[in-house]
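Spelled out, the chains give:
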Amino acid sequence: MLKQRVMTALVLLPIALGGFFLLDGAAFALFIAAVIGLGAWEWARLAGCAGQLQRVAYAAVVGLLLLGLYRLPQLAPWVLAVGVLWWLLATLLVLGYPASSRYWQGMPARLAIGLLILLPAWQGLVLFKQWPLANGLILAVMVLVWAADIGAYFAGKAFGRRKLAPRVSPGKSWEGLLGGLAASLLLTLLVGLYRGWGGGELLLGLGGAALVVLISVVGDLTESMFKRQAGIKDSSNLLPGHGGVLDRIDSLTAAVPVFAVLLWLAGWGVL
């Protein structure tokens, strides 16, 4: 398993880095659409689509919707707003699971939820490329999520006692959550000091980082909730040793739209 994970990472890392940081404009939008399309194919399975034709059809519908969003950039604010509202609702669904599953048990509801997860994530990343320090913004949200994941892993291993959401993801603990949050906030503080942020900017940066990290945890737990309901461990086996695409981007799908809206509120970019 370890060998598989390493080999897959060695193959995918240059592709991912090249796609995220070397491409621009339509090429970047298409690259992210390809990732989202694979995620859509996997989500259709979580939604209850057993047949390949159904799953491919759902991915194709998502692709057409992304094309529409690319041609209608004026819809971006609405897409991001809906995405943020969805993740607030998802927090309640995760906290209320399994009782909350009665609201989304049907296949139509689960397929619609897939759109609420995938489309805003694509929209946020495409917007980042159009704003100042484009690649820096993409790197910032990724590093925030990665730092939180790493911090949560080590804190959970060392101190984990109280389960965070035992009915959704028994392996996660409150101690792990706090450790991940502390790691990301420390990183944000160091970046702020290096860039010479004032006191007010530091507070805003730390508050924004905390929100992004907390919502990224909701993204992770939300996919875990749907996988648990579907009775599967991984979203697919597309990435040997790593599971599926959704297993790798679940936290980012939540973090990206929230990060984009926070940056917009701070006056960073134009929606």
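Please read these numbers as outputs of a predicted model, since none were measured by experiment.

Calculation notes
- Residues numbered from 1 in each chain as written.
- Predicted model: local features only at pLDDT ≥ 70, side-chain atom pairs only at ≥ 80, totals over all residues.
- Heavy atoms only, no water.
- Core = buried A, V, L, I, M, F, W, Y, C linked by side-chain atoms within 4.5 Å.
- Buried < 20%, exposed > 50% of the residue type's maximum accessible area, 1.4 Å probe, protein only.
- Contact = heavy atoms within 4.5 Å.
- Salt bridge = Lys/Arg side-chain N within 4 Å of Asp/Glu carboxyl O.
- Helix = DSSP H or I, 4+ residues; strand = E, 2+ residues; numbered from the N terminus.
- Axes fitted to C-alpha atoms, helices over the stretch in contact; angles between N-to-C directions.
- Parallel < 35°, antiparallel > 145°, perpendicular 65-115°, else oblique.
- Left-handed = near helix turned anticlockwise from the far one by under 90°.
- Nonpolar A, V, L, I, M, F, W, Y, C, P; charged D, E, K, R; others polar.
- UniProt positions renumbered as here; feature names shortened; annotations may be inferred.

What to know about the nonpolar core
Part 1: Counting residues in hydrophobic clusters, the biggest one holds 74 residues, and the most contacted among them are W43 and F128.
Part 2: Other than its neighbours up to four places away in sequence, W43 contacts Y58, R110, L111, I113, G114, I117, F226 and L246.

Re the pattern of salt bridges
Part 1: By the definition in use, this model includes five salt bridges.
Part 2: The salt bridge involving D24 is made with K129; its shortest N-O contact spans 3.5 Å. With a gap of 105 residues between them, D24 in the loop between α1 (2–21) and α2 (25–46) and K129 in the loop between α5 (107–128) and α6 (134–159) connect regions that are remote in the sequence.
Part 3: Exposure remark for K129: the relative accessible area of 12% places this residue in the buried category.

So, the packing of α5 against helix α9 (residues 245–265)
Part 1: Packing of α5 against α9 leaves a shortest axis separation of 8 Å and a crossing angle of 60°. The angle between the axes of α5 and α9 places the two elements in the oblique class. Between α5 and α9 the crossing geometry is left-handed. Mapping the contact onto sequence places I117, L118, P120, A121, G124, L125 and F128 in α5 and L246, T253, V256, P257, F259, A260 and L263 in α9.
Part 2: Its residues assigned to classes, the contact of α5 with α9 shows 12 nonpolar, two polar and no charged.

Remarks on the UniProt feature "transmembrane region" (unreviewed entry) in the protein
Part 1: With numbering aligned to this structure, UniProt lists the feature "transmembrane region" (unreviewed entry) at residues 28–44, 56–72, 78–97, 109–128, 134–155, 176–197, 203–222 and 252–270.
Part 2: Helix and strand shares over residues 203–222 are 100% and 0% respectively, and the end C-alpha atoms of the span are 29 Å apart.
Part 3: Secondary structure across residues 252–270 comprises 74% helix and 0% strand; the distance between its end C-alpha atoms is 21 Å.

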